[in-house]
Amino acid sequence: MDLHLKNLFDRFQEQFGSGPGLGPGSGTCLMKVEGIAPNFIKSVFKASAALYRTDPWKRLRPGHLFGIRVGKDSDWSGKKQPFPCVQFIGGDGGDIGFNMFRSENDAKKMTGSRETIRVPNIELLRVTYEPESLMFPSNRKMIKTLSLEASGTNCFPVIDVARCTSSGSLQFRNPTLEELRFVYAVMKAIALVHPLLQVDKDGGPKWSRLAYFEPFIETVDVQWPPEMAKGYDLVAVTISHPPGQAYEEKTSSTASSTPTKYAEPPKDETFVDVKLYLNGSLRQCATCDREVHGEQALCCGRCRAVVYCNSVCQKQHWKETHKSMCGLYKAMMEREEELAMKIFIFPCTADQPCKWLESLGIHQKGMWRRKCSCYSHCPFGLLPVKGGLWDSWGELDNEEYPRDLPFHHHLRDSMSSPILLSGWSEYYNLRSLPLSSPVADILSHPLTVYYVLTALSISSKNLLLKGKEVILHYLGPEAELDWMPAFAEVGHLLNGFGNIQIVMVGPEVPTNLSGTTSGIGSRVRVNLVRGVYQEEATYLPSPDVIVALNCGLDCYTNWGGALNMIKSMAVPAFFTDQSEVSCANAKQVLRSNGLHITHPVTPNPFRSPVKNHGASSNLPAYSNGFVLGVNT
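For the structure given in this document, a descriptive report is provided here. Since we're looking at a predicted model, the values are computed, not measured.

Across its full length, the protein chain holds 16 helices and 23 strands. Looking at the protein chain residue by residue over its 632 residues, the buried ones come to 51%. For the protein chain, long-range pairs separated by at least 24 residues make up 69% of all intrachain contacts whose partners lie at least 6 apart in sequence. Surface accessibility of the protein chain: about 28300 Å² in total, with carbon and sulfur atoms responsible for 51%.

This is the structure we're talking about:
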């Protein structure tokens, strides 16, 4: 009888939910939000999954309230932050999620000892994690159609705005696009900040079971998804516990500015005011994000890398951040000539990728569709394909792209062997490609993989020379899922020696492609697996080498589990990033996770020749620009 009652209660709980929230999902669906782009829905679900993986419910209860500030008040309609107070629910049982309130007072009114109390005429935004099997059909259809990332094993966020009527019943509505932008920034920031909470052992009543945390206030930069950016990529998100603490704003800041903390005036530093010619491109001040217009801007006179709108911002940035980084920036700027690839005669700067692609006649064509945001609405791996290599390479002239043919008559000491390349010049000569061909920008990914296997990983190179198969785990594929024709070149470069099995693992792999295997030529096989690496690795064939290209180790918090898995495997792993600075930061991330750096940061000879600048920096950023390795 007890077992029967338990099963009955479990079914009731699954159907109707259990506290401490306001009940089950409301049937709202993000697809019904006016003006929303499918790609932004994907970004929201990705941010939600990243927050879920940090598991804030381990420590946080509804009584732990957070103050939130995203950008400036003037960034939002009515010049008011939409939902500036957040609480996490479900940590002590029930459905997990978080509620966002319009004020701290509203949050306190609706927070009971455990359950969320219904209070008339108070509106709150809810994010509740629900199993897909229990969701409304409209949400399940959206998840399947857009291949949205799951949170955990089978949960997905349901986002709605709830309001209790005077009669005690609940009314629900879809969030607005502005409210979704706000909750996106909150999820990205809170995932970074909540682990910083320090327990205050002397705080609170000694009889209370609720943990108390030391007060704190932190500001982190969050990058908007491309489809949501409004003239600026980054926004500062300030999180405080308890609420009520806030950073003051500079009255002279523009609407695109992020809040800055007033401090004691910095000591007089000797700055050299250097005017920098911007070559017509737009930059933003490194301190306040103000757009720097005109032909000249102020930059650091020591490294000449970072742009400012005035000397006040320059001095503030020096004291807060730049002083510790200036030497590294200076060293990299001194290598600009060395790192620039001057062999190519097509334009090699793409601050505005659509215009760059248009100048080459390949905009919105073939594989080049992934080089700008025009096809961001289409999931990775699912670009429509007309068929044929000519179409894949954007209808370039026949002599401007590599043909799907082996390298005939390539002998070393009268013996056939894998072709070892030293850089782009050798490859272009080998394929008889003109230096006006931009294919190096896409080929940077497959040829970086080949460079790792034949030049950096000794064990993989030996396996290939013996004619054996190398298994490579490729982490976090995105645009590469639509660049399979380019990966055929890896098989041709093997020149009859060995085989390569590439297992691409990441949350961007479409659900309908996960588990599929494709043969790319006779010597390269690609398996696609949807999921996060630490959860999928045990089900995959054991790797000989692991690769993560343009990984952004210093930007994303969800690398911890994957790095722990790589550490436990003790398998050679290689990471690339866009700049020497980001790679140096990545070294610190790897070391903090107990990984031993065995291949130092070095320029990648197969980095993309196409250069991009950061919004506030003149530091060059090249796709796959620098490489470092661990466990090698």
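Let us look at the nonpolar core. Counting 62 residues, the largest nonpolar core has W393, W424, Y427, I502 and M504 as its most contacted members. Among the elements of the structure, α8 (353-360), α10 (424-431), α11 (440-456), β14 (469-475), α13 (484-494), β15 (499-506), β17 (524-530) and β18 (545-548) are those that each provide at least two residues to this core. Beyond its immediate chain neighbours, meaning those up to four positions away, M504 contacts Y474, P477, E480, L481, M484, F487, V509, V526, N527, L528 and V529. Of all hydrophobic cores here, the second largest spans 55 residues; its members include V33, W57, L180 and M187.

Turning next to the sheet that holds strand β8 (residues 234-241). Read across the open sheet, the 8 strands follow the order β6-β5-β4-β3-β2-β1-β8-β7; overall the sheet is antiparallel. Whereas interior strands pair on both sides, the edge strands pair on one side only; in this sheet they are β6 (170-173) and β7 (216-223). Across the sheet, the mean angle separating the axes of adjacent strands is 30° when strand polarity is ignored. Examined bridge by bridge, β7 and β8 share 8 bridges and lie antiparallel to one another. Residue pairing for β8: F216 is matched across the bridge by H241. Running over the sheet, helix α2 (residues 38-54) touches β2 (85-89), β3 (97-101), β4 (123-131) and β5 (155-164) and is turned about 100° from β5.

Another aspect to go through is the packing of aromatic side chains. For the structure shown, the criterion picks out 21 aromatic pairs. Here the aromatic rings of F45 and F156 are separated by 6.3 Å at their centres, their planes lie at 45°, and the arrangement is tilted. Taken together, the positions of F45 in helix α2 and F156 in strand β5 put the pair 111 residues apart, joining distant regions of the chain. Since its relative accessible area comes to 5%, F156 is described here as buried. Members of the aromatic cluster, connected to one another through ring pairs, are F344, F346, W424, Y427, Y428, Y451 and F606. Positioned above the aromatic ring of F407 is the side chain of R431, whose terminal nitrogen or guanidinium carbon lies 3.9 Å from the ring centre. R607 extends its terminal NZ or CZ atom over the ring of Y622, reaching a point 5.6 Å from the ring centre.

Here the focus is the pairing of β14. Taken across its 7 residues, β14 has 6 buried, putting it largely inside the fold. Note: β14 against β15, 7 bridges, orientation parallel. Paired with H473 across the two strands is V503, which belongs to β15.

Together, I343, I345 and L435 give the surface a local cluster of nonpolar side chains, amounting to about 250 Å² of exposed area. Within the secondary structure, I343 sits in the loop between α7 (336-339) and α8.

Residue placement: N139 occurs in helix α4 (residues 137-146). Residue classification places N139 among the buried positions, given a relative accessible area of 4%. The residues contacting N139, other than those within four sequence positions of it, are T28 and C29.

Strand order in the open sheet made by the 8 strands is β16-β17-β15-β14-β18-β19-β23-β20, with mixed pairing throughout. Two strands lie at the open edges of the sheet, namely β16 (517-520) and β20 (597-603), each paired on one side alone. In this sheet, adjacent strand axes meet at a mean angle of 20° when their direction is disregarded. Of the strand pairs in this sheet, strand β19 (residues 573-577) and strand β23 (residues 626-630) are connected by 5 bridges, and their pairing is antiparallel. Within β23, the residue paired with D577 across the bridge is F626. Contacting β14, β15, β18, β19, β20 and β23, α11 runs over the sheet at an angle of about 130° to β14.

For E34, the location among the structural elements is in the loop between α1 (2-16) and α2. Spatially, the C-alpha atoms of E34 and L177 are 7.0 Å apart, while their sequence positions differ by 143 residues.

With 24 residues, helix α6 (residues 311-334) extends just 24 Å between its outermost C-alpha atoms, more than 12% less than the 34 Å of an ideal straight helix rising 1.5 Å per residue. The largest bend along α6 reaches roughly 80° and is located at H322. Buried within α6 are the following residues: C313, Q314, Q316, H317, W318, H322, M325, C326, Y329 and M332. Near the N-terminus of α6, the side chain that reaches the backbone nitrogen of V312, with its oxygen 3.1 Å away, is that of N310.

Scanning the entire structure with this criterion turns up 16 salt bridges. Salt-bridge contacts for E508 lead to K46; the nearest nitrogen and oxygen are separated by 2.3 Å. Placement of the pair is E508 in the loop between β15 and β16 and K46 in helix α2, with a sequence separation of 462 residues. By relative accessible area, K46 is classed as partly exposed at 33%. With a shortest N-O distance of 3.1 Å, E104 and K108 are connected by a salt bridge. On the criterion of helical spacing, the pair formed by E104 and K108 is a turn pair, its members being 4 residues apart in helix α3 (residues 104-109). Assessed through its relative accessible area of 26%, E104 is described here as partly exposed.

Rules used throughout
- Along each chain, the written sequence defines residue order, and numbers are assigned to residues from 1.
- The predicted origin of the model limits local features to residues at a pLDDT of at least 70 and limits the giving and counting of side-chain atom pairs to 80 or more, whereas totals for whole chains, interfaces and linings rest on all residues.
- Remark: hydrogens and water are excluded; side-chain values derive from all non-hydrogen atoms of the structure.
- Counting from the N terminus, the helices are DSSP H or I runs at least four residues long and the strands are E runs at least two residues long.
- Any residue under 20% of the maximum accessible area for its type is buried, any over 50% is exposed, and the rest in between are partly exposed; the area is computed with a 1.4 Å probe on protein chains only.
- For this analysis, residues touch if any pair of their heavy atoms sits within 4.5 Å.
- Working definition of accessibility: Shrake-Rupley area with a 1.4 Å probe, residue cover restricted to the visible protein chains.
- Throughout, nonpolar core names a set of buried Ala, Val, Leu, Ile, Met, Phe, Trp, Tyr and Cys residues whose side chains join them through atoms within 4.5 Å.
- Only strands that DSSP links by at least two bridges are regarded as paired with each other.
- Note on method: axes are straight lines fitted to C-alpha atoms, helices fitted across the in-contact stretch only, with angles between N-to-C directions ranging 0 to 180 degrees.
- A pair of Phe, Tyr and Trp rings is counted when the ring centres sit within 6.5 Å of each other, with Trp represented by its six-membered ring. The angle between the planes then sorts it: under 30 degrees is stacked, over 60 is edge-to-face, the rest tilted.
- We call a charge positioned above a ring when the Lys NZ or Arg CZ atom is no farther than 6 Å from the ring centre and deviates by at most 35 degrees from the ring normal.
- A residue counts toward a patch only above 30% relative accessible area and without a salt bridge, and it is joined to like-charged neighbours within 9 Å or, for Val, Leu, Ile, Met, Phe, Trp and Tyr, to nonpolar neighbours within 5 Å.
- For this document, the term salt bridge refers to a Lys or Arg side-chain nitrogen within 4 Å of an Asp or Glu carboxyl oxygen.
- Take the number of residues in a helix, subtract one, and multiply by 1.5 Å to get its expected span.
- We define the bend at any residue as the angle between the axes fitted to the seven residues before and including it, ending there, and the seven starting there.
- For the purposes of these results, a polar contact is taken to be a pair of N or O atoms within 3.5 Å, where, inside protein, one atom must be able to donate a hydrogen and its partner to accept one; residues adjacent in sequence count only when each atom of the pair is a side-chain atom.

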